Amino acid sequence: MMRYFSFLMYIHFVFLCSFLCCISVHGRSPFRTPEPHLPVLLTNWSNETKKYELASSYLQEGPLFHLYDPVHFKQHLLPTTNIAFRYDPEQSVNGTELANLIETLLVEIKNKKQKKFKHFKVIKKRDFNFKKQTGFLVLKFRNYPFVLKLFITSPEQFLKPFDYGFESCCFFIMGGGVNRYLSGFTRIKNLERLKEYIAKNEDWRPKIDFPRKWFWIPRNNRSFTITGFNIGTIGTTHQIELPSAYALVCDEINIGHTFSLTCKENRDTALELSNFLQQQIDPHINNFVIDKINKKIVLIDTEHFPTMVGLEQPTNCTNYLTWYLDLSWKMFQDSFCRTKRTRREFQTRARNSMNFFSTAYYS
């Protein structure tokens, strides 16, 4: 199944590259009147005047200006008190100790040649650029049962979604300018909502579990400002200040096994649960694992999936092939099949209109 999906995405990618090459060869006239209402983003370090600019018809207000909630963020910061271990509540570690270890990690990352760290083991580095020191990095604490998901960006790199691979490009186009850095802010809000959904259902409640999650922010963190023009209500300028680095500290899960596409029972369970949750989680099969200790299904990735791919309404997946094809088709439509009128409708919305999730994010 995965090989087939990879083949489909490869064909899509080849077609996309070919199409873009055609555009570059037969480009529009340089004398063509510029689009007067094209969305524009400006970014700068909050204490500096130098600005970086990105103009794109894909930019939308919701994903750019309403995912970061500073009040919610502060309410869910890593505690400075003792944190009990998931599987052994009698043992604990002080939150300040974990914070100090992360501070040490940031110092190590500044050494551009260093990719191995004293207190952490790298789990995923595909979306991180060590040379530019930006991106998304997943690590495990060596001495404590916790996982760290680290997000770092800068005003310049925030406006370069195409520097982080094909997947990042797809998210940018489909999600209205969203990226891994922004979607990280959805993980705890979405976790809370998912837990509410599960708690109300007698069938799923005894079967599903989640890791605990906390935000973390460096002590001397820099912030940057993004300003949006022609995004959302016409004539309105949007502005927000964001931390250049932050992280999520999560429980490490003792995984018995990860769901597999080769197992029909795993596929059926994952899709049934995803449909029950209205696709508010990524149905990707690797996001479902079995806890080796309590035998429950654990949802390890609580990123808000509709935000990432720009879903407007809940969908119902019957099988993974259909799901992959639908995503590929949506990417194709968003890339090549939007009329000027459709683009302007998306650009001028006061909110990114995921109605089935609007009360959680865009109130």
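Residues numbered from 1 in each chain as written. Predicted model: local features only at pLDDT ≥ 70, side-chain atom pairs only at ≥ 80, totals over all residues. Heavy atoms only, no water.

**Student:** Please clarify how the overall build of the protein chain should be interpreted in this entry.
**Tutor:** In terms of helices and strands, the protein chain carries 13 helices and 16 strands. When each of the 363 residues of the protein chain is scored for burial, the buried share is 51%. Taking the contacts inside the protein chain whose residues are at least 6 apart along the sequence as the reference set, 68% of them involve residues at least 24 apart. Carbon and sulfur atoms make up 54% of the accessible area of the protein chain, which totals about 18,300 Å². (Helix = DSSP H or I, 4+ residues; strand = E, 2+ residues; numbered from the N terminus. Buried < 20%, exposed > 50% of the residue type's maximum accessible area, 1.4 Å probe, protein only. Contact = heavy atoms within 4.5 Å. Areas by Shrake-Rupley, 256 points an atom, 1.4 Å probe, with all protein chains shown as cover.)

**Student:** I'm lost on the confidence of the model for the protein chain in this one. Help?
**Tutor:** Fine structural detail should not be taken from predicted coordinates in areas where pLDDT scores are low. Summarising the model, the protein chain shows a mean pLDDT of 87, and 86% of its residues fall at 70 or more. Low pLDDT, under 50, characterises residues 1-7; the stretch is placed with ten contacts to residues that sit more than four places away or in other chains. Residue range residues 18-28 is modelled with pLDDT below 50. Its contacts to residues more than four positions away, or to other chains, number one contact. (pLDDT = per-residue confidence, 0-100.)

**Student:** Please clarify how empty space enclosed by the protein should be interpreted in this entry.
**Tutor:** Take a probe with the size of a water molecule and roll it over the atoms, and the empty space left behind shows itself. Scanning the model with the defined rule gives three cavities of 30 Å³ or more in all. Estimates place the volume of the largest cavity at around 210 Å³. If you go around the largest cavity, you meet 16 residues; those closest to its centre are Gly135, Tyr164, Asn179, Arg180 and Tyr181. Secondary structure elements with two or more residues in the lining of the largest cavity: strand E7 (134-141), strand E8 (146-152), helix H5 (155-158), helix H6 (166-174) and helix H7 (180-183). Residues belonging to the lining of the largest cavity are distributed by class as follows: seven nonpolar, five polar and four charged. (1 Å grid on protein atoms, 1.4 Å probe; cavity = no way out; pocket = protein on both sides within 12 Å on 5 of 7 lines; lining within 4 Å. Points joined across faces, edges and corners; volume = space filled by probe spheres on them. Nonpolar A, V, L, I, M, F, W, Y, C, P; charged D, E, K, R; others polar.)

**Student:** Help me understand the nonpolar core in this model?
**Tutor:** Taken as a class, soluble globular proteins show a tendency for nonpolar side chains to be buried jointly. Within the largest apolar cluster, 63 residues are counted, with the highest numbers of intra-cluster contacts made by Phe158, Tyr181, Leu182, Leu242, Phe288 and Tyr320. Setting aside residues up to four positions removed in sequence, Tyr181 forms contacts with Phe151, Thr153, Phe158, Phe224, Leu242, Pro243, Ser244 and Tyr246. (Core = buried A, V, L, I, M, F, W, Y, C linked by side-chain atoms within 4.5 Å.)

**Student:** Would you explain the sheet that holds strand E1 (residues 40-45) in this entry?
**Tutor:** Strand pairing in a sheet relies on backbone hydrogen bonds, with the paired strands running either antiparallel or parallel. With respect to topology, four strands assemble into an open sheet ordered E2-E1-E11-E12, the strand pairing being antiparallel. At either margin of the open sheet sits one strand with a lone partner, and together these are strand E2 (52-55) and strand E12 (238-243). The mean angle between the axes of side-by-side strands here comes to 20 degrees, regardless of whether they run parallel or antiparallel. By the bridge criterion, six bridges tie E1 to strand E11 (residues 223-229) in an arrangement that is antiparallel. (Pairing = 2+ DSSP bridges. Axes fitted to C-alpha atoms, helices over the stretch in contact; angles between N-to-C directions.)

**Student:** What should I look at first to understand the sheet that holds strand E15 (residues 288-291) in this one?
**Tutor:** Taken in spatial order, the four strands make up an open sheet running E9-E16-E15-E14, and their pairing is mixed. Whereas interior strands pair on both sides, the edge strands pair on one side only; in this sheet they are strand E9 (208-209) and strand E14 (255-258). Relative to strand E16 (residues 297-299), E15 runs antiparallel, the two being bridged by three bridges. Along E16, the bridge assignment pairs Ile290 with Ile297.

**Student:** I tried to follow the packing of aromatic side chains on my own but got confused; where do I start?
**Tutor:** Between two aromatic rings, the relevant description is the distance of the centres plus the angle of the planes. Counting across every chain of the model gives 29 aromatic pairs. On the basis of an interplanar angle of 75 degrees and a centroid distance of 6.0 Å, the ring pair of Phe73 and Tyr246 is categorised as edge-to-face. With a gap of 173 residues between them, Phe73 in helix H3 (residues 70-75) and Tyr246 in strand E13 (residues 245-251) connect regions that are remote in the sequence. Each member of the pair, Phe73 as well as Tyr246, is classed as buried. Taking the centre distance of 5.3 Å and the plane angle of 65 degrees together, the rings of Phe332 and Phe336 count as edge-to-face. A residue pair is termed a helical-turn pair when its members lie 3 or 4 positions apart in one helix, as Phe332 and Phe336 do in helix H11 (residues 320-336) at four residues. Looking at Phe336, the relative accessible area reads 22%, which means it is partly exposed. Through a chain of ring-to-ring contacts, the aromatic side chains of Tyr68, Phe73, Phe136, Phe151, Phe158, Tyr181, Phe185, Phe215, Phe224 and Tyr246 assemble into a single cluster. Over the ring of Trp204 we find Lys207; its NZ or CZ atom is 5.6 Å from the centre of that ring. A cation over an aromatic ring shows up here: Arg222 above the ring of Trp45, its NZ or CZ 3.8 Å from the ring centre. (Phe/Tyr/Trp six-rings, centres within 6.5 Å; stacked < 30°, edge-to-face > 60°. Lys NZ or Arg CZ within 6 Å of the ring centre and 35° of its normal.)

**Student:** In this structure, what is going on with the layout of surface pockets? I would like to understand it.
**Tutor:** There is about 1,300 Å³ of room inside the largest pocket. The wall of the largest pocket is formed by 45 residues, among which Lys124, Arg180, His284, Asn287 and Asp301 lie closest to the centre. Per-class residue counts for the lining of the largest pocket are 25 nonpolar, seven polar and 13 charged.

**Student:** What is the right way to read a positive patch on the surface from this model?
**Tutor:** The grouping of Lys115, Lys116, Lys121, Lys125 and Arg142 at the surface amounts to a positive patch. Given a relative accessible area of 44%, Lys115 falls into the partly exposed group. (Patch = residues over 30% accessible without salt bridge, like charges linked within 9 Å, V, L, I, M, F, W, Y side chains within 5 Å. Salt bridge = Lys/Arg side-chain N within 4 Å of Asp/Glu carboxyl O. Lys, Arg positive; Asp, Glu negative; His and termini not counted. Charge placed at Lys NZ, Arg CZ, Asp CG, Glu CD.)

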